[in-house]
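In case you want the letters, here they are:
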Amino acid sequence: MTSSAVSIPHGHDHGHAGHGDDHGHGHVTLQYQPGLPLSRGKLIMWLFLSTEIMFFAALLGSYVVLRFGAPIWPKPHHVHLSEPIGAFNTFVLICSSVSIVLALEAARANKVRLAKVWMVLTFLLGGLFLGVKGYEYSAKFSHGIYPVAPRGRIYERPDLYYGSAVRGRLEALRREPTDSWQLMRYSWAVRWHGSPQGAALAGWKEPETYDRLKELDEAAETALTAEQVAGRRQLQQIQKMVLNPDQQAFDMAVVADQVMPLPAEGADHGTDHGNPEGGHGAHGLNDVFPWLKLPAVIPGGCMWASTYFLLTGFHAVHVIVGLIVFAVLLSYRLDAKRAGMIENAGLYWHFVDLVWIFMFPLLYLF
Amino acid sequence: MSDHGGSSHGPVTRSGESADEALHHSIEARHDGHDDHGGHDGHGGIGKYLLVFLLLCGLTTLSFFTYSAAWPWRDQPQVGWAFMMAVSCTKAMLVILFFMHVWWEANWKYVLTIPAAMMALFLAIMLIPDVGMRNRMVSQERALHMARGSDLKLLEQAAAENPLAAQAH
């Protein structure tokens, strides 16, 4: 748009015309008033940011609808969210916002080295944010909380469906493959040939399995810790409960509480080993025997996982894009000529910070 | 680089100076009106940024305060929500005005930010009815698997009674 508004006659390329020594040529340079009195890059960055405002407004708005429209929503400690970690990440992003602003000021003042130092610091702080985010994600994954259709290992209510899921997992544990690589190849083969029969015709053998629960039952008590012995006893009782045809809803709630109790408020996830009786130390059978991977119950947990990972995931993608931009900028000499580029990158980065300013209270403290 | 605006109205003819240079100079002239261009820091300097930084940290601590045991309205979460949103809006304003330099920009800032802000606001307002309507019409399958407050109560009861531990002793 703007390039067509500025017409430069033949022979007047930038380098030549810039000297201003071609007076007598008689050529004229047409110049039009641009729509807004700011550089093209900045204009486009602001237009992009205004679309981003609407993008995140839609995401956060949908979150609010789902959050407040839901009959029940998990408390942050139910889903192993740590508020102090979230607050720390907020602090990290605020620091990085300051450092990119200082990089811009240094570049404007032609302090090339200083600008680079601030830019490197911004890059590192962005990386730190992502690292903390990754740590948080892994804490969720280790508790079986992840977004997958129709659900991860998380069930919404302790009902018959939950009971049958626990039963199914226990049955699967009785046929645990001895070699997971072999199992993976076999499942690929089944998919390739369309059916287990087809795979068998093509010469694929079913992978060897063993009974992992039986192995635990037969293990000598001396080979186990006191906690594992207690856990084994609980596991045997749970097996009886899920197989009982007369089970009540309360029984399934007891099972769910044994598998993965909802942590009490303030209990730091995973670090509380204080209460071996199961109970409230956020220490269930899934923690005693990590290979169990039994389905767990978090009321409202599935919708929570979907919104949490979508919102923080989109934000993390924006952080990654910002880091790529900074990495590119770092390859330049950050002097006053590059101030425009740094300013645009900074605008984007401040916007990423802005989104987190709203996400942190909405996701961690509401 | 031809990405600079011009200050004069309509097409301008000027010989001897490339369009780019002319645009650049007019932008410079425009900027000089707002800040001392020769100086090292455009808008009031590093001190102002540090002040904003401290304010942001203080405000984050304030919204984190709602999580602590000292927060007086723990039984009324709505108070905390309203408070946190007010704090977040203040923080957002600080970042937009000072870190994004909008405070010092010319009037074009209104052209770009107000329509987007209004669209975002309308979008949010239009979503509000959905909060109430959300569970009025849900599929049978969803109604079957959807957690209710009673489920949480059941789990809490199971944790409190802990019949398995009672059996073990």
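Since this is a predicted model, take the numbers as computed values, not measurements. (Residues numbered from 1 in each chain as written. Chains lettered and ligands numbered in written order. Predicted model: local features only at pLDDT ≥ 70, side-chain atom pairs only at ≥ 80, totals over all residues. Heavy atoms only, no water.)

Engineer: How should the environment of isoleucine 72 of chain A be read in this particular structure?
Structural biologist: Looking at the secondary structure, you find isoleucine 72 of chain A in the loop between helix H3 (40–69) and helix H4 (83–108). Considered as a pair, isoleucine 72 of chain A and proline 245 of chain A are 173 residues apart in the sequence and their alpha carbons are 29 Å apart. With residues near it in sequence (within four places) discarded, isoleucine 72 of chain A still touches Pro299 and Gly300 of chain A together with Ala147, Arg148, Gly149 and Leu152 of chain B. (Helix = DSSP H or I, 4+ residues; strand = E, 2+ residues; numbered from the N terminus. Contact = heavy atoms within 4.5 Å.)

Engineer: Hey, could you run me through the pattern of salt bridges in this one?
Structural biologist: Oppositely charged side chains may form a pair once their charged atoms are brought near each other. Going through the model one piece at a time under the given rule, you end up with 10 salt bridges over all chains. For arginine 174 of chain A, the salt bridge identified is with aspartate 211 of chain A, shortest N-O distance 3.0 Å. With arginine 174 of chain A in the loop between helix H6 (160–173) and strand E3 (176–177) and aspartate 211 of chain A in the loop between strand E4 (209–210) and helix H9 (212–218), this residue pair connects regions lying 37 residues apart in the sequence. Take arginine 174 of chain A: its relative accessible area is 34%, and that puts it in the partly exposed class. Each of Lys42, Glu105, Arg108 and Glu343 of chain A together with Glu105 of chain B takes part in salt bridges that share partners, so that together they form one network. (Salt bridge = Lys/Arg side-chain N within 4 Å of Asp/Glu carboxyl O. Buried < 20%, exposed > 50% of the residue type's maximum accessible area, 1.4 Å probe, protein only.)

Engineer: Looking at this model, I keep getting lost on the domain arrangement of chain B. Mind explaining?
Structural biologist: Bring the parts together and some accessible area is lost; that lost area is often taken as the interface size. Annotation of chain B at the domain level lists domain 1 (1–39), domain 2 (43–100) and domain 3 (137–169). If you average the C-alpha positions of domain 2 of chain B and of domain 3 of chain B, the two centres end up 37 Å apart. (Domains from an automatic or database assignment.)

Engineer: So what exactly am I meant to see when it comes to the environment of threonine 60 of chain B here?
Structural biologist: In this structure, threonine 60 of chain B sits in helix H2 (residues 46–65). Sequence separation between threonine 60 of chain B and alanine 160 of chain B is 100 residues, and the spatial gap between their C-alpha atoms is 36 Å. Contact partners of threonine 60 of chain B, with chain neighbours within four places excluded, come to Thr90 and Ile94 of chain A together with Lys91 of chain B.

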